[in-house]
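# Understanding the architecture of this molecule
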Amino acid sequence: MISIMNTFGVWLAAFFTLCIFSFLYQDNPFYKFAEQVFVGLSAAYWLVYIIYSIMVPNLFAKLAADFSGNIILLIPAALGLMMLMRIHPKTQWISRYPIAIMVGTTAGISMLRYMKSDILQQLTATMINPFAADTTPEVIGNLLMIIGTICGVYFFYFSKKQEGVSKAVSKVGIWFLMVSFGATFGYTVMARISLLIGRLDFLLGDWLHLIK
Amino acid sequence: MKSSAPLIFAFIVGIIVLLSEFIPHSPFNEIVSTLEGWFMIISGFAILLGQISLIRMNTHKIVHKLDNWQYHLAGLISFGLMLALGLLWGMQETPGILGDATGIQAWLGQKPFDYLFENAYLPLSATLFSLLAFFIASAAYRAFIIRGLESNLLMITAIIVIIGRTSIGTMLTGWLPESLHFWHFPNLADFIMEFPNTAAQRAILISAGLGIVGSSLRIILGIERSYLGGDK
């Protein structure tokens, strides 16, 4: 029986794969169907995942095991229910309280975390002696790293109109950003091509058995 | 009161979290870990809110028979099916309301939720994202090619990285002598990733970090209040 269900699973996967690929020709009912099924499955998957990985261990299991000992957990549960009040326009204002607590906590945590990891650590890593490297390309690379970081940060300084020398510095910053976006773009294309190869491998191998 | 009380809440929790960094002693440690736990639970409800909104939107389209309502019905059915399977028999090692579905597992080879995940969700997800390969390539070609130095810089870097990170790069420039080793495509890609790319990423991180610090301060002090929405 498992074998039959495995085969059915492969055919189901092949059907959905072809439905999505049919969009390469033009928008059609098969693609629209598969797209909506994906939205539904995706939403349900994340809901089930959140229930089992966050809600059950952090709230329901603790309350079920020792209600009086964990009675304080009724506060976030109540705040969570207040969050759901956002659904109705008349009770929407109630959701401001849990949102304020979430936003306030996130702001406090983010401020400290980003100050350490994204500002201080990155600045420290850039403050190097570029000439301490062993090879010429490394020395050039270190110089590029320092110049690129300074010019890149300067590009994001929008409080003053950039003209004259500052415009030139900003321009160099843009060049470095473009190189980085190019590298990111290259990796994204490769990742997508890799997924495409995976799907073709599935269709030609697992489904049609044309390749091994 | 409806809008000022939440601002006071945001200020208090924000200040407590900030103080805990500078006073790493009781009771600040406990308060912050409690707040972080609460944050997780409330965010779980926030995700539930998103799903309820999705159901409402789909139901509205189906009830009023708006354009393409049939597809939204399919989406709603798939949502209900996946959710029901997950809640009834659980996922992976986690049992559901009705247990571990041992009988069904003997028949399907795995839990129903995992079966649907593997044979419907994963293929759909991978194929949708692989489809982007075609559109990214064509859109990038139209948007960037021969539009100026910056756009060419982007495309040339992308091409070097793609060639350098695949076997074709080794094949194309593998014959270069040792003195020109730097110009070997994989080495060139490594250099780009290690230096100019890192420099730009650092610039982005530092600038975004400064922006986040500023925004966080504005939120804690109640200057930024757009997250509260309209005054309804």
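Residues numbered from 1 in each chain as written. Chains lettered and ligands numbered in written order. Predicted model: local features only at pLDDT ≥ 70, side-chain atom pairs only at ≥ 80, totals over all residues. Heavy atoms only, no water.

## What about the overall build of chain B?
So the rule is basically this: Numbering of helices and strands runs from the N terminus; a helix is a DSSP stretch of H or I covering at least four residues, while a strand is a stretch of E covering at least two. Computation of the radius of gyration draws on C-alpha atoms, with the globule rule given as 2.2 Å multiplied by the number of residues to the power 0.38. Each residue is assigned to one of three classes by its accessible area relative to the maximum for its type, calculated with a 1.4 Å probe on protein chains only: buried under 20%, partly exposed between the two thresholds, exposed over 50%. Note on definitions: a residue-residue contact is assigned when non-hydrogen atoms from the two residues lie within 4.5 Å. Note on areas: Shrake-Rupley, 1.4 Å probe, and residue coverage restricted to the protein chains presented here.
Counting secondary structure elements, chain B contains nine helices and zero strands. Ordered by position from the N terminus, the helices and strands of chain B form the series α-α-α-α-α-α-α-α-α. Computed over C-alpha atoms, the radius of gyration of chain B comes to 27 Å, more than 25% over the 17 Å expected from 2.2 N^0.38 for 232 residues, which places it beyond the range of a compact globule. Here chain B holds 232 residues, and the buried ones make up 43% of them. Taking contacts inside chain B between residues at least 6 apart in sequence as the whole, the part at least 24 apart equals 28%. Carbon and sulfur atoms make up 69% of the accessible area of chain B, which totals about 12,300 Å².

## Some thoughts on the overall build of chain A
Within chain A, the secondary structure is distributed over six helices and zero strands. Reading chain A from its N terminus to its C terminus gives the helix and strand order α-α-α-α-α-α. Here the C-alpha radius of gyration of chain A, 27 Å, is well above what a compact globule of 212 residues would show, namely 17 Å. Projected onto its principal axes, the C-alpha positions of chain A cover 70 × 60 × 40 Å.

## A word on the interface of chain A and chain B
Cut-off, in case you're wondering: Joining two parts hides part of their accessible area as seen by a 1.4 Å probe, and the buried area is that hidden amount summed over both. For this analysis, a salt bridge means a side-chain nitrogen from Lys or Arg found within 4 Å of a carboxyl oxygen belonging to Asp or Glu.
Counting from both sides, the interface comprises 116 residues of chain A and, opposite them, 116 residues of chain B. Carbon and sulfur atoms supply 80% of the area buried between chain A and chain B, which totals about 10,800 Å² over both sides. The interface formed by chain A and chain B contains two salt bridges. For B:Glu21, the salt bridge goes to A:Lys116, with nearest N and O atoms at 2.6 Å.

## Thoughts on the packing of aromatic side chains
Quick note on the threshold: Stacked, tilted and edge-to-face pairs are distinguished by plane angle, under 30 degrees for stacked and over 60 for edge-to-face with tilted covering the rest, among Phe, Tyr and Trp rings (Trp via its six-membered ring) whose centres lie within 6.5 Å.
Per the stated rule, a full pass over the model turns up 21 aromatic pairs over all chains. When the ring of A:Phe38 is compared with that of B:Tyr121, the centres are 5.6 Å apart and the planes differ by 20°; the resulting orientation is stacked. Note that A:Phe38 is positioned in helix 2 (residues 29-65) and B:Tyr121 in helix 5 (residues 112-144), a pairing that runs across two chains. The class for B:Tyr121 is buried, based on a relative accessible area of 9%. When the centroid spacing of 5.1 Å and the interplanar angle of 75° are considered together, the rings of A:Tyr45 and A:Trp46 count as edge-to-face.

## Concerning the environment of B:Leu18
Along the chain, the position of B:Leu18 falls in helix 1 (residues 4-22). Taking the relative accessible area as the measure of exposure, B:Leu18 reaches 14% and is therefore buried. Sequence-wise, B:Leu18 and B:Ile206 are 188 residues apart; in three dimensions their C-alpha atoms are separated by 20 Å. Contacts of B:Leu18, omitting those with residues within four sequence positions, involve A:Gly108, A:Met111, A:Leu112 and B:Ile220.

## Some thoughts on the pattern of salt bridges
Residue and element names in this part refer to chain B. Enumeration according to the criterion identifies five salt bridges over all chains in this entry. Where arginine 218 meets glutamate 224, a salt bridge forms, and the shortest distance between an N and an O atom there is 3.9 Å. Under the relative-accessibility criterion, glutamate 224 is labelled partly exposed at 24%.

## With respect to the side chain of A:Ser170
Note on placement: A:Ser170 falls in helix 6 (residues 165-207). With sequence-adjacent residues up to four places away left out, A:Ser170 is seen in contact with A:Tyr154, A:Phe155 and A:Gln162.

## Quick look at the packing of helix 6 of chain A against helix 9 (residues 196-220) of chain B
Note the threshold: Lines are fitted to the C-alpha atoms to define the axes, a helix being fitted only along its stretch in contact, and any angle between axes, read from their N-to-C directions, falls within 0 to 180 degrees. By definition in this entry, angles of less than 35 degrees are roughly parallel, angles greater than 145 are roughly antiparallel, angles of 65 to 115 are roughly perpendicular, and the rest are oblique. Following the grouping adopted for this structure description, the nonpolar residues are Ala, Val, Leu, Ile, Met, Phe, Trp, Tyr, Cys and Pro, the charged ones are Asp, Glu, Lys and Arg, and the polar ones are all others, Gly among them.
Contact geometry for helix 6 of chain A and helix 9 of chain B: axes closest at 8 Å, N-to-C directions at 105°. When the interaxial angle is binned, helix 6 of chain A and helix 9 of chain B end up roughly perpendicular. For the pair helix 6 of chain A and helix 9 of chain B, contact is made by A:Phe176, A:Leu177, A:Val179, A:Ser180, A:Phe181, A:Ala183 and A:Thr184 and by B:Pro196, B:Asn197, B:Ala199, B:Ala200, B:Gln201 and B:Ile204, respectively. Broken down by class, the residue content of the contact of helix 6 of chain A with helix 9 of chain B amounts to nine nonpolar, four polar and no charged.

## Overview of a nonpolar patch on the surface
Residue and element names in this part refer to chain B. Which entries qualify depends on this criterion: Residues enter patches when their relative accessible area tops 30% and they take part in no salt bridge; the joining distance is 9 Å for like charges and 5 Å for the nonpolar side chains Val, Leu, Ile, Met, Phe, Trp and Tyr.
Together, Ile8, Phe11, Ile12, Leu217, Leu221 and Ile223 give the surface a local cluster of nonpolar side chains, amounting to about 550 Å² of exposed area. Sort the elements by how many residues they give to the nonpolar patch and helix 1 lands first, with three residues. Within the element layout of this structure, leucine 217 appears in helix 9.

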